[in-house]
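# Analysis of the macromolecular model
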Amino acid sequence: MTTAKEVAAVDRARIKDIVCAILEIEPDELTDTSLFKEEHDADSMAAIEILSQLERAFGVDIDQADLPRMIHLDGIVAVVTDSVAARA
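A brief structural summary. These numbers were taken from a predicted model, which means no experiment stands behind them.

## A few points about the pattern of salt bridges
One pass over the full model with this rule turns up five salt bridges. Notably, a salt bridge pairs R69 with D66, separated by 3.4 Å at the nearest N-O pair. Look at R69 and you get partly exposed, because its relative accessible area is 35%. Under the relative-accessibility criterion, D66 is labelled buried at 19%.

What follows is the structure, given as structure tokens:
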């Protein structure tokens, strides 16, 4: 079972790969705090797709109420970490 600490440490690159694929950007364009909407032209459909892909990749349920926290990579890692912890 994946722990919250493991998500933050081991799977951060996996999360970044998912986000970059959906936003169609190169990994070096995405920093921990670059804003998806403002800096990478993400729209609400991209946000839903990111949420969906993360749920499948990590076997968790992420409430759409968490979308406002998912504005950058650090926010997504926090949401995934919380979701993994809640599942445990």
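## A few points about unusual backbone geometry
Positive phi outside glycine occurs at E24, with the angle close to 55°. Summarising the element assignment, E24 is placed in the loop between α2 (12-23) and α3 (36-40). Although it is not a glycine, D41 adopts a positive phi angle of roughly 55°. Secondary-structure assignment places D41 in the loop between α3 and α4 (44-58).

## A closer look at the packing of α2 against helix α5 (residues 73-87)
With their axes 10 Å apart at the nearest point, α2 and α5 run at an angle of 120° to one another. The pairing of α2 with α5 is recorded here as oblique in orientation. Considering the relative orientation of α2 and α5, their crossing is right-handed. Contacts between α2 and α5 involve R12, I15, K16 and V19 from the first element and L73, D74, I76, V77 and V80 from the second. Across the contact of α2 with α5, the residue classes tally to six nonpolar, no polar and three charged.

Conventions adopted
- Residues numbered from 1 in each chain as written.
- Predicted model: local features only at pLDDT ≥ 70, side-chain atom pairs only at ≥ 80, totals over all residues.
- Heavy atoms only, no water.
- Salt bridge = Lys/Arg side-chain N within 4 Å of Asp/Glu carboxyl O.
- Buried < 20%, exposed > 50% of the residue type's maximum accessible area, 1.4 Å probe, protein only.
- Helix = DSSP H or I, 4+ residues; strand = E, 2+ residues; numbered from the N terminus.
- Axes fitted to C-alpha atoms, helices over the stretch in contact; angles between N-to-C directions.
- Parallel < 35°, antiparallel > 145°, perpendicular 65-115°, else oblique.
- Left-handed = near helix turned anticlockwise from the far one by under 90°.
- Contact = heavy atoms within 4.5 Å.
- Nonpolar A, V, L, I, M, F, W, Y, C, P; charged D, E, K, R; others polar.

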